[in-house]
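Below, each chain spelled out in residue letters.
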Amino acid sequence: MLSTLRPQVSAITNSSKKSATEKMQAICELLKENVPYYDWVGFYFRNGDKEELKLGPYAGAPTDHTIIPFGKGICGQVAVSNQNFVVPDVKAQDNYIACSITVKAEIVVPLFLNGVNIGQIDIDSNTPDPFSEEDEHFLEYVNQEVSKIL
Ligand code: SME
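Residues numbered from 1 in each chain as written. Predicted model: local features only at pLDDT ≥ 70, side-chain atom pairs only at ≥ 80, totals over all residues. Heavy atoms only, no water.

**Student:** Any chance you could explain the site of the ligand here in plain terms?
**Tutor:** The environment of the ligand is made up of Trp40, Tyr44, Ile68, Gly73, Ile74, Cys75, Tyr96, Ile97, Cys99, Glu106, Asp122 and Asp124. Here a nitrogen atom of the ligand sits 2.7 Å away from a polar atom, N or O, in the main chain of Ile97. Coverage of the ligand by the protein chains reaches 100% of its 310 Å² of free accessible surface. Here the ligand occupies the largest cavity. Those elements giving two or more residues to the shell around the ligand turn out to be β1 (40–46), α3 (73–81) and β6 (116–125). At 3 residues, α3 tops the list of elements feeding residues into the shell around the ligand. (Near = heavy atom within 4 Å. Polar contact = N/O pair within 3.5 Å; in protein donor to acceptor, adjacent residues only side chain to side chain. Areas by Shrake-Rupley, 256 points an atom, 1.4 Å probe, with all protein chains shown as cover. 1 Å grid on protein atoms, 1.4 Å probe; cavity = no way out; pocket = protein on both sides within 12 Å on 5 of 7 lines; lining within 4 Å. Sits in = over half its atoms within 2 Å of the grid points. Helix = DSSP H or I, 4+ residues; strand = E, 2+ residues; numbered from the N terminus.)

Laid out in structure tokens, this is it:
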């Protein structure tokens, strides 16, 4: 199911009319609308040369967490680990920033530009333990496509 979305992601990144921000916004909406267990989809990017992440385009409920210090929460940990972080049960995490009480699980995949971790894609799910390696590979693909337009 996720593999069928890959060409649609590439069609968005390759389209000539939109800005990079608009393309990322369209990708967030595509993913949220087409993957039943993706309930919030957003990009965070390093905020200049500060040790913090800033919220970029997203689809889903607005969040108070528009700035996240490096090391804080799942997102902040990925900013320093450079590794995918799959959380099957957010209640089992002690370094976690809750955005909504309905969220059960989360996946964060870093976004690299020229080998440097410059941000990430973050997905929240209201379904317990929904993510597999297929999600990791798909989101790595999404980030690679996005890195080409940054
Ligand atoms: N839960 C994240 C915070 C961002 S929200 O999910 C949108 C975290 O622990 O880093």
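**Student:** Where do I start with the nonpolar core in this structure?
**Tutor:** One recurring pattern in soluble globular proteins: nonpolar side chains tend to sit buried together. Judged by nonpolar contacts, the single largest core of 29 residues is most densely connected at Leu31, Tyr38, Phe43, Ile121, Phe138 and Leu139. Among the secondary structure elements, those contributing two or more residues to this core are α1 (6–14), α2 (20–34), β1, β5 (105–113), β6 and α4 (133–147). Those residues within four positions of Leu139 in sequence are excluded, and the remaining contacts are Leu31, Tyr38, Ile107, Val109, Ile121 and Ile123. Counting 16 residues, the second largest nonpolar core, distinct from the first, contains Leu55, Ile74, Phe85 and Tyr96. (Core = buried A, V, L, I, M, F, W, Y, C linked by side-chain atoms within 4.5 Å. Buried < 20%, exposed > 50% of the residue type's maximum accessible area, 1.4 Å probe, protein only. Contact = heavy atoms within 4.5 Å.)

**Student:** Before we go on, may I ask you to explain the packing of aromatic side chains in this structure?
**Tutor:** The description of two aromatic rings rests on the distance between their centres and on the angle between their planes. Tallied over the full model, the rule gives 6 aromatic pairs. Considering the side-chain rings of Trp40 and Tyr58, the 5.7 Å spacing of their centres and the 20 degrees angle between planes classify their relative orientation as stacked. Taken together, the residues span a long stretch of sequence, with Trp40 in strand β1 and Tyr58 in strand β2 (residues 52–59) at a distance of 18 residues. Taken together, a centroid distance of 6.2 Å and an interplanar angle of 10 degrees make the contact between Phe43 and Phe45 stacked. (Phe/Tyr/Trp six-rings, centres within 6.5 Å; stacked < 30°, edge-to-face > 60°.)

**Student:** What is the right way to read the UniProt feature "domain: GAF" (unreviewed entry) in the protein chain from this model?
**Tutor:** UniProt marks residues 21–142 with the feature "domain: GAF" (unreviewed entry), using the numbering shown here. A helix fraction of 27% and a strand fraction of 33% characterise residues 21–142, whose end C-alpha atoms lie 14 Å from each other. (UniProt positions renumbered as here; feature names shortened; annotations may be inferred.)

**Student:** What is the right way to read the pattern of salt bridges from this model?
**Tutor:** It is possible for side chains bearing opposite charge to pair when their charged atoms get close. Applying the stated criterion across every chain yields a total of 2 salt bridges. The closest approach of N and O atoms between Glu145 and Lys148, which form a salt bridge, is 2.7 Å. Assessed through its relative accessible area of 7%, Glu145 is described here as buried. (Salt bridge = Lys/Arg side-chain N within 4 Å of Asp/Glu carboxyl O.)

**Student:** Whenever I open this one, α1 confuses me. Can you help?
**Tutor:** Helical periodicity: at 3.6 residues per turn, an α-helix aligns residues three or four positions apart in one direction. Inspection of α1 places Val9, Ser10, Ile12 and Thr13 among the buried residues, and these make up the whole buried set. Summarising the axial view, the buried residues of α1 lie within an arc of 155 degrees, below the 170-degree limit, and thus occupy one face. Seen from the buried face of α1, the exposed residues on the opposite side, beyond 90 degrees, are Pro7 and Asn14. (Arc of directions from axis to C-beta.)

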